[in-house]
Amino acid sequence: MGNLMSSRRQKDGEESLIGPSSSGDAASSEDILDRDPSTPVFVYVLAFFSALGGFLFGYDTGVVSGAMLLLKKEMNLNTLWQELLVSSTVGAAALSALSGGSLNGWLGRKICILIASFIFSIGGIILSLAPDKVVLLVGRITVGLGIGIASMTVPVYIAEVSPSHMRGQLVTINSLFITGGQFIASVIDGAFSYMSHDGWRYMLGLSVVPAALQFVGFFFLPESPRWLLQKGRSQEAHQVLSRIRGGQNVDEEYDTIRTSIEEEEKEAGGGGVVILRILRHGPTRRALVVGCGLQMFQQLSGINTVMYYSATILQMAGVRDDKQAIWLAAATSATNFVFTLVGVWLVERVGRRKLTLGSLIGTGLSLSVLAVGFLLSAQNSPSITLHPVDPHNSTCRLYESCEFCMLDPDCGFCYRENGTRVYESSCISVSQESIDHAAWGRCSNLTEAAGGPIWAYNYCPTTYSWIVMMGLILYLAFFAPGMGTMPWTVNSEIYPLWARSTGNACSAGVNWSFNVLVSLTFLHVTEFLTYYGAFFMYTGLVVLGILFVQGCLPETQGLQLEDIENLFTGPLCSCGASSPNDSRHVHYIRVKGSNYLPSDNDASDVE
Ligand SMILES: O[C@H]1[C@H](O)[C@@H](O)[C@H](O)[C@@H](O)[C@H]1O
């Protein structure tokens, strides 16, 4: 196998360049990459149209928060319905990602992307025309089904059509489109928030535009040549490969793919249910553990609670106006987007492993900054000075400080302020109809008048909000380039072809399931552990993630998809201790007539 791989590598290397740049030769390596003649524009076109699936994933998960502000007033939604409309999409995505695996293997990547964009379009139309909340729920479930299929198919398709030296960058563009979708969604939310009647219809319905664009575009785009070969449609596969490679001679690449598909089939031991074959076959079982583990730790790092919680963090910092909060939330998703761009730039320069590890370490540190900020706020939480007679005899009257009052979901903090000084403060039950005001008393009927009482639900006024804000920005800056992107990128490349759709379906399913778990439990977790406790807990989970990545994630940069399985032949979680000799052996590539070992300056390969 080693020989086969090294000969493949040389073939590959003569045409294209791979390998991380090291400090010494960064510029030259970049230049050569840019000049590489083996990257025809068509690959970018394919990546763009596929990544529209990522855009829709981001848009539809992101747009709902702004739409909900209008919807809850217009349709008089209670908390249960609001939660249903938000989580139903993510829940449906989890289910459809899991079932997308067999669909992908059966119908192919192209048809699955077409199905996803069709579902997105239908979902968008249902949402924009919905006459009531039940139809809205149907629409949200529909887009969730589209998101699930797109989230597992798009990275696989891009990985399968890309030349190996830029596969990481192109697949990571899909993640860029996810955060781009979330950012555009927040801008659209801001723009239509002024339209209190029916503004939400535009917010939710506008996703039809990229969905239709993708649907039409994909009619003209080819199926993945790897999938075609697997299905025995060899002539078509050869034609498509040559079209994607801009008419170059693709015989060698084609032979490599065909040989490895044959080998893989033999090694994996014939037919049967794919997931069972994956679990029985050591290398694929280990790849699946790594893939699912990465997706699990992505969600356990708390990204979606941080995104969700940004509005509250901003409130703590003194932003009271709804509209202003919406625009500042757009700034949060812009930060996420901009730093994902950094990930696209870094992935082929430092490699997947270093990028993921660096990102996780930074994420852990930022989470502890967030936790310390919340801890200081809690320790200096304003005390309750007024105890008016409570007509409902609720638990709210028992609290002595804002911290405990705020942690009780039935209560809110009503106060006045003079600069940063809080006075005349009380803890009052929240209204059943809306969390925006108290059930009774001076905060039940709020006016915008200056000097009037202020109602704080879910947060306490504090002078330490700047630490929390700094933690939030640091968090996004570290999370986005690595942990936000690499779980998707790595999963698209670690499985052999026969296991690729099922492997990605499982790992995407894990991502969505932990997404639901973390977002649904967040409020309960904060109730039991307080905010600082919750963020210290996420810090602990990130530490576990660092150990996992350090031990188990091999470097896949520059390897041809067919060679990556060999990285998983050793025992699981031995990557940090020693890289398989094989991979070091085969990393030689030809650069302008001389041998070059990409890992010479790359500690991650030789650890
Ligand atoms: O990779 C994405 C990205 O980081 C998004 O910002 C996040 O909302 C998703 O859950 C995640 O899967």
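Attention here is on the structure that accompanies the text. (Residues numbered from 1 in each chain as written. Predicted model: local features only at pLDDT ≥ 70, side-chain atom pairs only at ≥ 80, totals over all residues. Heavy atoms only, no water.)

### Looking at the overall build of the protein chain
Looking only at helices and strands, one finds 24 helices and 5 strands in the protein chain. Across the 607 residues in the protein chain, those meeting the buried criterion constitute 59%. (Helix = DSSP H or I, 4+ residues; strand = E, 2+ residues; numbered from the N terminus. Buried < 20%, exposed > 50% of the residue type's maximum accessible area, 1.4 Å probe, protein only.)

### Some details on the packing of aromatic side chains
Working definition: an aromatic ring pair is given by the centre-to-centre distance plus the angle between the planes. Considering all chains together, one arrives at 18 aromatic pairs under this definition. Residues Phe192 and Tyr202 carry aromatic rings whose centres are separated by 5.2 Å and whose planes lie at 5° to one another, so their mutual orientation is stacked. Of the two residues, Phe192 is situated in helix 8 (residues 167-192) and Tyr202 in helix 9 (residues 199-205); the sequence distance between them amounts to 10 residues. Note on Tyr202: relative accessible area 42%, which makes it partly exposed. Ring centres of Phe535 and Tyr538 lie 5.8 Å apart, and the angle between their planes is 65°; on these two criteria the pair is classed as edge-to-face. Placement of both Phe535 and Tyr538 in helix 22 (residues 497-552) is noted, with a separation of 3 residues, approximately one turn of the helix. On the accessibility criterion, Tyr538 (3% relative accessible area) is buried. Grouping aromatic residues by their ring pairs yields a cluster made of Phe374, Phe522, Tyr531, Phe535 and Tyr538. (Phe/Tyr/Trp six-rings, centres within 6.5 Å; stacked < 30°, edge-to-face > 60°.)

### Focus: the state of the cysteines
Structurally, a disulfide amounts to a covalent bond that connects the sulfur atoms of two cysteines. Counting across every chain of the model gives 4 disulfides. In this model Cys402 forms its disulfide with Cys460; the gap between the sulfur atoms is 2.0 Å. Disulfide Cys402-Cys460: torsion about the S-S bond near -100°, hence left-handed. Linking Cys402 in helix 19 (residues 402-407) with Cys460 in the loop between strand 3 (454-456) and helix 20 (465-479), this pair joins segments that are 58 residues apart in sequence. For the residue pair Cys402 and Cys460, the accessibility class agrees, reading buried in each case. Cysteine Cys112 shares no disulfide, and the gap to the nearest cysteine sulfur, in Cys506, comes to 15 Å. With a relative accessible area of 1%, Cys112 lands in the buried category. Between Cys506, a free cysteine, and Cys292, which holds the nearest cysteine sulfur, the sulfur-to-sulfur gap is 5.7 Å. (Disulfide = S-S within 2.5 Å.)

### Focus on the side chain of Asn491
With respect to the helices, strands and loops of the structure, Asn491 is situated in helix 21 (residues 486-493). Given a relative accessible area of 0%, Asn491 falls into the buried group. Every residue in contact with Asn491, bar those within four places of it in the chain, is listed here: Gly291, Cys292, Gln295, Met486, Asn504 and Ser507. (Contact = heavy atoms within 4.5 Å.)

### Points about the site of the ligand
The local shell around the ligand consists of Phe57, Thr179, Gln182, Gln298, Gln299, Asn304, Asn336, Phe479, Gly484, Trp488, Asn511 and Asn515. In the environment of the ligand, an oxygen atom lies 2.7 Å from a nitrogen or oxygen atom belonging to the side chain of Asn304. One of the side-chain N or O atoms of Asn336 is found 3.1 Å from an oxygen atom in the ligand. Protein burial of the ligand: of its 300 Å² of free accessible surface, 97% is covered by the chains. When its residues are assigned to classes, the shell around the ligand shows 3 nonpolar, 9 polar and no charged. (Near = heavy atom within 4 Å. Polar contact = N/O pair within 3.5 Å; in protein donor to acceptor, adjacent residues only side chain to side chain. Areas by Shrake-Rupley, 256 points an atom, 1.4 Å probe, with all protein chains shown as cover. Nonpolar A, V, L, I, M, F, W, Y, C, P; charged D, E, K, R; others polar.)

### Examining the nonpolar core
Residues Leu71, Leu136, Trp200, Leu204 and Trp512 are the most contacted members of the largest nonpolar core, which totals 78 residues. For this core, the element with the most residues is helix 7 (residues 133-161), which contributes 12 residues. Ranked by size, the runner-up nonpolar core spans 63 residues in total, among them Val290, Leu407, Leu472 and Met483. (Core = buried A, V, L, I, M, F, W, Y, C linked by side-chain atoms within 4.5 Å.)

### Looking at the pairing of strand 2 (residues 421-429)
Relative to strand 2, strand 1 (residues 411-418) is paired through 7 bridges, and the arrangement is antiparallel. Across the sheet, the residue bridging to Glu417 is Val422, located in strand 2. What sits between the antiparallel neighbours strand 1 and strand 2 is a turn of 2 residues, in which Gly419 has the positive phi angle 65°. (Pairing = 2+ DSSP bridges.)

### Quick word on the pattern of salt bridges
Going through the model one piece at a time under the given rule, you end up with 10 salt bridges. Close ionic contact of Arg500 with Glu160 constitutes a salt bridge, the shortest N to O distance being 2.5 Å. Here Glu160 lies in helix 7 and Arg500 lies in helix 22, a separation of 340 residues in the sequence. Taken individually, Arg500 and Glu160 each receive the classification buried, so the pair is uniform in this respect. For Arg201, the salt bridge goes to Asp198, with nearest N and O atoms at 3.1 Å. Note on Arg201: relative accessible area 22%, which makes it partly exposed. Within the structure, one salt-bridge network assembled from shared partners comprises Arg167, Glu348, Arg352 and Glu493. (Salt bridge = Lys/Arg side-chain N within 4 Å of Asp/Glu carboxyl O.)

### Some words on helix 3 (residues 41-62)
When the terminal C-alpha atoms of helix 3 are compared, their 31 Å separation across 22 residues agrees well with the 32 Å that a helix rising 1.5 Å per residue should span. Its axis deflected by about 25° at Ser50, helix 3 carries its strongest bend there. With 17 of 22 residues buried, helix 3 is to be regarded as a mostly interior element. (Expected span 1.5 Å × (residues − 1). Bend = angle between axes of the 7 residues up to and from the residue.)

### A few points about the pairing of strand 1
Successive side chains on a regular strand alternate, one facing one side of the sheet and the next facing the other. Relative to strand 3, strand 1 is paired through 3 bridges, and the arrangement is antiparallel. Each residue of the ladder has a partner; that of Cys414, found in strand 3, is Trp455.

### Re the sheet that holds strand 3
In sheet architecture, strand pairing relies on hydrogen bonds along the backbone and comes in two forms, parallel and antiparallel. Strand order in the open sheet formed by 3 strands is 2-1-3, with antiparallel pairing between adjacent strands. Both edges of this open sheet fall to strand 2 and strand 3, since each of them pairs with a single strand only. Mean inter-strand twist for the sheet, computed between neighbouring axes without regard to direction, equals 30°. (Axes fitted to C-alpha atoms, helices over the stretch in contact; angles between N-to-C directions.)

### Let's talk about the environment of Gly291
Turning to its location among the elements, Gly291 is positioned in helix 15 (residues 282-300). Look at Gly291 and you get buried, because its relative accessible area is 0%. Separated by 107 residues in sequence, Gly291 and Ile184 have C-alpha atoms that sit 29 Å apart.

### A closer look at helix 8
Since the α-helix advances by 3.6 residues per turn, residues separated by three or four positions end up pointing in the same direction. Along its 26 residues, helix 8 runs 37 Å from first to last C-alpha, staying within 8% of the 38 Å computed at 1.5 Å per residue. For helix 8, a buried count of 20 out of 26 residues is recorded, marking the element as mostly surrounded by other parts of the structure.

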